[in-house]
Every structure is written in C-alpha cells, then in structure tokens.
Amino acid sequence: MSKQEFKLFDDMVKKSEEAIPFIQILDEHGKIVNKGMKSSLTDKELVDLMKTLVWGRTTNERLILAGRQGRIGNLPPSEGQEASQLATIFAMKNNDFVLPTYRDLIPLVYHGMPMKNAILWYRGHMSANIFPENVYGLPAQTIIGSQIVQAAGLGYAYRRDEKNQVSFTYIGDGGSSQGDFYEGINFAGVFNSQTIFIIQNNKYGISVPREMQSKAKTLAQKAAAAGIPGIQVDGMDPLALYEATKKAREYTMAGHGPVVIETLTYRFGAHTLSDDPTRYRSQEEVDAWVAKDFLNRMRTYLGEKGLWNDELEQEVVEATTKEVNEALDLADQEPKMKVSQLLKNVYEVPTPRIQKEIEMYEAKEEI
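Residues numbered from 1 in each chain as written. Predicted model: local features only at pLDDT ≥ 70, side-chain atom pairs only at ≥ 80, totals over all residues. Heavy atoms only, no water.

**Topic: the overall build of the protein chain**
For the protein chain, the count of helices and strands is 13 helices and eight strands. Taken over C-alpha atoms, the radius of gyration comes to 22 Å for the protein chain, in line with the 21 Å a tight globule of 367 residues would show. Looking at the 367 residues of the protein chain, the share that counts as buried comes to 51%. Long-range contacts, defined as pairs at least 24 residues apart, comprise 74% of the intrachain contacts of the protein chain with a sequence gap of at least 6. Here the protein chain displays about 17,900 Å² of accessible surface, and carbon together with sulfur accounts for 52% of that area. When the 42 positive and 50 negative side-chain charges of the protein chain are each reduced to one mean point, those points stand 3 Å apart. (Helix = DSSP H or I, 4+ residues; strand = E, 2+ residues; numbered from the N terminus. Rg over C-alpha atoms; globule rule 2.2 N^0.38 Å. Buried < 20%, exposed > 50% of the residue type's maximum accessible area, 1.4 Å probe, protein only. Contact = heavy atoms within 4.5 Å. Areas by Shrake-Rupley, 256 points an atom, 1.4 Å probe, with all protein chains shown as cover. Lys, Arg positive; Asp, Glu negative; His and termini not counted. Charge placed at Lys NZ, Arg CZ, Asp CG, Glu CD.)

**A closer look at the domain arrangement of the protein chain**
What the domain assignment reports for the protein chain is domain 1 (24-335) and domain 2 (337-366). Between the C-alpha centres of domain 1 and domain 2 there is a distance of 37 Å. (Domains from an automatic or database assignment.)

**Focus on helix H3 (residues 82-89)**
For H3, a buried count of eight out of eight residues is recorded, marking the element as mostly surrounded by other parts of the structure. Buried residues of H3: Glu82, Ala83, Ser84, Gln85, Leu86, Ala87, Thr88 and Ile89, and no others.

**Quick notes on the pattern of salt bridges**
Under the counting rule described, the total for this entry stands at 15 salt bridges. Measuring nitrogen to oxygen at the nearest pair gives 3.1 Å for the salt bridge that ties Asp293 to Arg57. Note that Asp293 is positioned in the loop between helix H9 (283-290) and helix H10 (294-304) and Arg57 in helix H2 (residues 43-68), a separation of 236 residues in sequence. Neither Asp293 nor Arg57 differs from the other in exposure class; each is buried. The shortest N-O distance in the salt bridge between Asp161 and Arg160 comes to 2.9 Å. We classify Asp161 as partly exposed; its relative accessible area is 39%. The structure contains a network of salt bridges with shared partners spanning Arg71, Arg123, Asp329 and Asp332. (Salt bridge = Lys/Arg side-chain N within 4 Å of Asp/Glu carboxyl O.)

**Observations concerning a negative patch on the surface**
Taken together, the side chains of Asp310, Glu311, Glu315 and Glu318 define an acidic patch exposed on the protein surface. Among the secondary structure elements, Glu315 is positioned in helix H11 (residues 310-332). (Patch = residues over 30% accessible without salt bridge, like charges linked within 9 Å, V, L, I, M, F, W, Y side chains within 5 Å.)

**Considering the pairing of strand E8 (residues 259-264)**
The buried count for E8 comes to six of six residues, which makes it a mostly enclosed element. Along E8, one buried face is formed by Val259, Ile261 and Thr263 and the opposite face, lined by Val260, Glu262 and Leu264, is buried too. Pairing of strand E4 (residues 195-201) with E8 involves six bridges; the strand directions are parallel. Within E8, the position partnered with Ile198 by the bridge is Ile261. Bridging between strand E7 (residues 230-234) and E8 involves five bridges; their strand directions are parallel. By the bridge assignment, Gln232 is partnered in E8 with Glu262. In this region the chain leaves E7, passes through helix H8 (residues 238-256) and returns to the parallel neighbour E8; the handedness of that crossover is right-handed. (Pairing = 2+ DSSP bridges. Right-handed = clockwise from strand over helix to strand, strands pointing away.)

**So, unusual backbone geometry**
We note that Glu162 has phi near 55 degrees; this positive angle belongs to a residue other than glycine. Within the fold, Glu162 resides in the loop between helix H6 (146-160) and strand E3 (167-172). Taking the relative accessible area as the measure of exposure, Glu162 reaches 72% and is therefore exposed. In this structure, Lys203 is a non-glycine residue whose phi angle is positive, near 85 degrees. For Lys203, the position within the fold is in the loop between E4 and strand E5 (204-205).

**A few points about the packing of aromatic side chains**
If you walk through the whole model with that rule in mind, you get 10 aromatic pairs. A ring pair is formed by Trp55 and Tyr110, whose centres lie 6.3 Å apart and whose planes are at 50 degrees; its orientation type is tilted. Separated by 55 residues along the polypeptide, Trp55 in helix H2 and Tyr110 in helix H4 (residues 105-110) bring together distant segments of the chain. Ring geometry for Tyr156 and Phe187: centres 6.1 Å apart, planes at 90 degrees, overall edge-to-face. With Tyr156 in helix H6 and Phe187 in helix H7 (residues 179-190), this pair connects stretches of sequence that are 31 residues apart. The exposure class assigned to Tyr156 is partly exposed, which follows from its relative accessible area of 25%. A residue is classified by how much of its surface remains accessible, and Phe187, at 32% relative accessible area, is partly exposed. Pairwise contacts between aromatic rings join Tyr156, Phe187 and Phe191 into one cluster. (Phe/Tyr/Trp six-rings, centres within 6.5 Å; stacked < 30°, edge-to-face > 60°.)

See below:
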C-alpha cells in the first residue's frame, strides 16, 4: 500500500475518534466554561446535589476507616469517582432501576438501599441482598460485565411494556473490554432498550492502565459499533454529568434507544484496601487529579453564588458520620451466617448431594 492509502485508513480511525462529543460545564477552577450548555438545576437542586456529593465522600471516608478497623471486608473505595456515580443517579427517577458494580454501593444506598445492607455486603453477609420492596436495584455485581447484559434486557422489557422507566448501570474502563459489554450494548441497540450505560473511566483496571486495555482513543466510541450514541463527559464536573445523564434519559424515553456515557474520572485511592497503587502510578499523577476534585469546583461555584459554606458542609459531614456509625452498629446485631444457610441458597431445590451437606452442617451447628 502507498502512504496515501495508509493515510486513508488512519483518517478513518481519526474521524471516529473526533466524532465523540466531550461535555464540560464547570472547569477545575469552578468556572463555567460551556456557555452553550448551562445547568438546568435550580439553586435548591444545586445545594441538594452538593449535599449528596459531600455525603458520598464522607461515606467513603467512614467506610475506609471501618475497613482499617476490621469492621468490614475488603472495601473497593470510590473517592474521586463519587460525582460520576452520584451526579448521574441524581438525574434519574426514583423508579428507574440501577444495576451497580462492587464499587457502586454508595449510589445504590442513595437510590434507597439501607446503609446497613451496604455494610453487610462488604462483610459478605447474605442479608445484604434482601431489599425493601421500594428499592429499584439489584445487589452489587462482582462478576465483571454481567450487569450490562441484565440492564439491556430490563431496558428492553421497559420499552416493550411502555414503562416510564429506564435501567442504568455502571462499569469501569477495564470492564468495557469484556465480551458481556459488547453483547449487552449490541442487544440494547437492536431492541431499542431503555437503558443508559455509564463507563467510569478512572484510568486503571486494577493496576492495568487504560491504554493497555483498548487502542480506542475513547471508550464512548465503542457505542458506534452497536449503532447507539456514545458521549464523553468530564467526570469531575457534576453539572455536566447531571445534564448529560438527564438528556440521555430523555433521549431513550423518546424511543431512540440506549446511550453510552463515558465519564473521565479518577480514583484517588487504591483499587481495594488490599491494593498498593504506588506500584503502578506516581504520586504526581494522583496529585494532579486531586487538584481537579469536583468538591473544590462545587465549593467555589456555589460559594460565589452564596449557596454554600463550611458550616453547611460540616452539618452534612456530621449527619453522614452518624448514619454510617449507626449502620455499622445495626450490622453488628445481624445473626452470623451459617454454612447450612449458604447451601440452601445455592438452588431453589437442593440436589441430593447438597441436601446431604445441608443436613451434615445443620447437625454440627446445633452442637
């Protein structure tokens, strides 16, 4: 092939990359940069969003402390990613259905799951998965990518039954390389599922840099293969995250099908409390992203509007600390699991072998 022919192929790739819109409203200095896409939130809603974000960060901090105290298991913290989680779910309706990953229990709690359930989930207790009837969500998924297929199917059911509901799900940048991701968005595209897929691109799949997971310049452009829209959003900009998600919901509810949203974010801490991120990323990189923290942006923006101050933030911190501490105490009161209970939940009707094991453990547990 000639150089001109090679350039033709390279231009094809470049055009697909450039076709992905990037949405930002509030920059890292708390200033409005996109005059063409203003925030539709009222002053009260802005304050409510900020309270939600502070609640999310404080919950993270308290859970990390609980993990270090041995009161929960191996926590996957989401400090830095809370805006990608909470500003997007803030745009959803109460009866929209969330399918979270193991890093998305905080938005699931915001959506209605009791905080006690989150504590029990981190402890591996089966009672964590027993939700009140008015909670529209599934327990957090640890199998990477499987929630994408589930969300696609549920979104199809909503469209088929003409429900004013959407399913929405989260996945990490590494998870977007899973086969289930491609199969899920393809199914959703074919059947016009009322589904919103949110890729939280925090730059690493555990210790693997995003650049080693996919050659695609953006993860949002993967949506094009399924014939559905893909957009990129500043994951540290709560205003842009809210507006992008709100418009995506309006789009899918108008019958146009699903949407993929890629949020450019960062986890400030480790993948889990057993991870050592200093082995694969520099402190300079972390510091650069901490400087982009969405809480600082919102403090500046709302402060200049006279809507936020340190006293109000401290009230949220204290209330959240109390909420988490009370949930920890409630979880401590939950009866310890038994092996026989675990086995009974494997099948609706136990196989002969498992039935024998159930009887064996029940006999031991009675001693």
